[in-house]
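# Summary of structural features
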Amino acid sequence: TSIAKKHKFVRSHVEDKFKHMQMRSEGVTTSMDVKLPSHVDPKEFQKWGFYEDHNQYYFDTKDGIKKFSNFVMKPLFHVESTVDTRRIFELTNFAGYKVTIDFDMSEMTSLVNFTRVIEGKGNFLFWGFLMHLTRLKMKWYEETRTCSEIRNLGWQKEGFWAWSNGISTESGFSPIDANGLVLFNNRHYFIPAFSNIYIEDKSIFLDERRFIYIERKAGIREWSEMFIKVFGINAKFAIAFYISSLFRDHLLHLFSNFPILNLFGPKGSGKSQLAMSLSCLYGKQQTPFNIHNGTKAGLAEHIQQFVNGFAWIDEYKNNIEYDKIETLKSIYDAIGRNRLNFDKGKKKETTQVNSAVTLSGQEMPTADIALFSRVIFLQFHQTEYSAEEKENYNLLKSYEKQGLSCITAEILRHRTFFVENYFHHYDLVLKDLFSLLKENVVEDRILRNWCVILTSIRVLSSKIDLPFTYEDLTGEVVRLIANQNRQIATSNEIAIFWDMIEAMFDNNEIIDKWH
């Protein structure tokens, strides 16, 4: 009997050792005599080799259970990216203090970098080894949901419009959650500007936080009537340009270019105020880029920020650097600035021209006629205003102060209709303009630029409630096309040469039949 008992004890001991060795081969070293807290699932403990208790991590070691942290981490999501993959975690320490941390992959794959980041956020200590961090990561990564970061707000190729606080689709608006996530077609997207990860940092996402959806009872008809009262015929064509810009990606697909809106006039004539009004249609008023003082890199970033959005370039002068004039010309053809990306091994990349551009200034952009032919040219003359005109202006600005992005969201609901019908209407508008111009010869590029924005009004006239029609604009557009074409004729290089000859002759600087 004693021999049988001895054999039974040995067999039981061997089986326990075998199970222990098997778990060790699977990466878990579980002491067989460990007593787990009541809230810990033994199977989970055996699977991962650690457990949480009072917001601290306890690991199984050959010397028994040992504590290796004074905090726990909850994975929120993994941000998928080709160059900037990140993982977002919520940390809670033993005292209940919480913080959200954005880790890049160098900080998740190095124990030194990992501890440096967590300790920089407060009382968060980890004194385990790399193998213990690896065990934690095995569990964290299995429980993490993956999302895509929206790096440029505005239109997304997946089929929605991204604001800093949510997305607009043809069915309505969906807000982000506290972490900055929003769901579309069963996929999560990360919009960081108002995420609780970054919300306390007032130095970043400044422009993005203005590009915001604001729910309010404001319609395009009411705003347009006020807008036209203040800015007259220029307002109607500015509205046509604005509507076209919301579908700029599609128009680039059709024509490989998109015109620039040029607002030209003396100080106090209202050109900057019109641009401010357009910026309010994308949320809170954006700040313009001063092309005279800004850098080329800053200009490239300014026009890259928002897809199908609004980029305002102010203070144009003909004496700006030639490179900047070339940049403005390339905006028309959606060609960005070349640069080397050192994160990708010094690979050459080109910045994107994502926004529709409004160019304003007190000088007509005739330093290069090729630039002038790429713009929708609107002139401003009036600098003195009656009491009634000032009152209309104040009413408009008061109406716009809260932001009018709800108008943009409403127009975007008709994207499918716009895309399906635009090209057919474009041909009809082109025929109408040829007919109205009759025998007048105009530059083809100018004609087609105006045709692009007129077509947008013709396509959506049955969908959106505007206080004017396509027919109202066609008569005026012929006058504006002819005026712009005339300006080009008097501003080209040959005309300028003969103007200089005449001036020198009048001033007796050159002598007839001698010079």
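Because the structure is a prediction, the values reported are computed rather than measured.

Conventions used here
Residues numbered from 1 in each chain as written. Predicted model: local features only at pLDDT ≥ 70, side-chain atom pairs only at ≥ 80, totals over all residues. Heavy atoms only, no water. Helix = DSSP H or I, 4+ residues; strand = E, 2+ residues; numbered from the N terminus. Rg over C-alpha atoms; globule rule 2.2 N^0.38 Å. Buried < 20%, exposed > 50% of the residue type's maximum accessible area, 1.4 Å probe, protein only. Contact = heavy atoms within 4.5 Å. Areas by Shrake-Rupley, 256 points an atom, 1.4 Å probe, with all protein chains shown as cover. Lys, Arg positive; Asp, Glu negative; His and termini not counted. Charge placed at Lys NZ, Arg CZ, Asp CG, Glu CD. Pairing = 2+ DSSP bridges. Axes fitted to C-alpha atoms, helices over the stretch in contact; angles between N-to-C directions.

A tally of regular secondary structure across the protein gives 18 helices and 20 strands. Taking 24 Å as the expected radius of gyration for a compact globule of 515 residues, we find that the protein reaches 32 Å, considerably beyond that expectation. Split into buried and exposed, the 515 residues of the protein put 49% on the buried side. Within the protein, counting contacts between residues at least 6 apart in sequence, those at least 24 apart form 66% of the total. Summed over its atoms, the accessible surface of the protein is roughly 26400 Å², and 52% of this surface lies on carbon and sulfur atoms. When the 63 basic and 64 acidic side-chain charges of the protein are each reduced to a single mean position, those positions are 9 Å apart.

Attention now goes to the side chain of Ser405. Among the secondary structure elements, Ser405 is positioned in helix 14 (residues 405-412). Classification of Ser405 as buried rests on a relative accessible area of 0%. Sequence-distant contacts of Ser405, that is, excluding residues within four places in its chain, are made with Trp163, Ile212, Tyr213, Ile214, Cys280, Leu281, Tyr282 and Gly283.

Tracing the sequence through the fold places Gln305 in the loop between helix 10 (296-302) and strand 16 (310-314). Apart from the residues within four sequence positions on either side, Gln305 is in contact with Asn152, Leu153, Asp207 and Glu208.

A few words now on the sheet that holds strand 6 (residues 98-104). With mixed pairing, the six strands of this open sheet are ordered in space as 6-5-4-7-13-12. Each having just a single partner strand, strand 6 and strand 12 (181-184) make up the two edges of the open sheet. Along the sheet, successive strands turn relative to each other by an average axial angle of 35°, direction set aside. Looking at chain direction, strand 5 (residues 86-93) and strand 6 are connected through seven bridges and run antiparallel. Following the sheet pairing, Glu90 is matched in strand 6 by Thr100. With respect to the sheet, helix 4 (residues 111-119) is in contact with strand 4 (71-80), strand 5 and strand 6, its orientation differing from that of strand 6 by roughly 145°.

What follows concerns the environment of Val182. Turning to its location among the elements, Val182 is positioned in strand 12. According to the relative accessible area criterion, Val182 is buried, its value standing at 4%. Each C-alpha atom of the pair Val182 and Ala370 lies 44 Å from the other, and the pair is 188 residues apart in sequence.

Here we come to the sheet that holds strand 10 (residues 166-169). Sheet architecture is open: four strands sit in the order 8-9-10-11, paired in antiparallel fashion. Of all strands in the sheet, those bounded by a partner on one side alone are strand 8 (154-156) and strand 11 (172-175). Within this sheet the neighbouring strands show an average axis-to-axis angle of 30°, counted without direction. One ladder, built from four bridges, connects strand 10 with strand 11; its direction is antiparallel. What sits directly across from Thr169, in strand 11, is Gly172.

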